[in-house]
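# Geometric and topological summary
The residues making up each chain are set out below.
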Amino acid sequence: MSQVDDVLAALADPMRRRILDLVAAKGAASASALAAELPVSRQAIVKHLGVLEKAELVASERAGRENNFSVRSDALDATASWMASLASQWDQRLAAIKKIAES
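Note that this is a predicted model, so its numbers are computed, not measured.

### Overview of the overall build of the protein chain
A tally of regular secondary structure across the protein chain gives 5 helices and 3 strands. Its C-alpha atoms give the protein chain a radius of gyration of 18 Å, clearly above 13 Å, the size a compact globule of 103 residues would have. In terms of principal-axis extent, the alpha carbons of the protein chain reach across some 70 × 25 × 25 Å. Within the protein chain, buried positions represent 26% of all 103 residues.

Take a look at the structure:
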């Protein structure tokens, strides 16, 4: 699976998007801190963070007894670039169709 595939699969889940948004807003957060703000258990948060970490959307750093998670932007940037390239290709195709239709 490619990095873009991993990112899209990870972001397909609404709870993981909420977790990523919260981590981004806080700068860094532990699973316990996230669980205090979300309607799911700490264990569920840990599983979601594992998926986000595998997709390279977050990184963890040990802080005492807990891991703090922070957002990594490289995978998001690569996915955004892929999406922009795809959108550009569609724009070119639609412009060609419009030109044909108008002639």
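Once you've had a look at it, read on.
### With respect to the nonpolar core
Of all hydrophobic cores here, the largest spans 21 residues; its most connected members are Ile19, Leu34, Leu38, Ile45, Leu49, Leu52 and Leu57. Within the residue set of this core, elements represented by two or more residues are helix H1 (3-11), helix H2 (14-26), helix H3 (31-37) and helix H4 (42-54). Ranked by residue count, the leading element in this core is H2, at 5 residues. Each residue touching Leu52, except ones within four places of it in the same chain, is listed here: Ala10, Arg16, Ile19, Leu20, Leu57 and Val58.

### Notes on the pairing of strand S3 (residues 66-71)
With 2 bridges joining them, strand S1 (residues 29-30) and S3 adopt antiparallel strand pairing. Residue pairing for S3: Ala29 is matched across the bridge by Phe69. One ladder, built from 6 bridges, connects strand S2 (residues 58-63) with S3; its direction is antiparallel. If you follow Glu61 over to S3, its bridge partner there is Asn68. Counting the residues between successive antiparallel strands, the hairpin from S2 to S3 contains 2 residues, one of them, Gly64, with a positive phi of roughly 70°.

Reading the values: the criteria
Note that residues are indexed from 1 along each chain, following the sequence as it is written. For this predicted model, a pLDDT threshold of at least 70 governs which residues receive local features, and a threshold of 80 or more governs which side-chain atom pairs are given and counted, while totals over whole chains, interfaces and linings are taken from all residues. Each side-chain value is worked out from all heavy atoms of the structure, with water and hydrogens disregarded. Under the DSSP-based scheme used, a helix requires at least four consecutive residues in state H or I and a strand at least two consecutive residues in state E, with every element numbered from the N terminus. Note that the radius of gyration is over C-alpha atoms, with the globule rule given as 2.2 Å times the number of residues to the power 0.38. For every residue, the accessible area obtained with a 1.4 Å probe (protein chains only) is divided by the maximum for its type, and the residue is called buried under 20%, exposed over 50%, and partly exposed between those limits. Put simply, buried Ala, Val, Leu, Ile, Met, Phe, Trp, Tyr and Cys residues joined by side-chain atoms within 4.5 Å make one nonpolar core. The contact criterion used is simple: two residues touch if any of their non-hydrogen atoms lie within 4.5 Å. Strands are treated as partners if at least two bridges between them are detected by DSSP.

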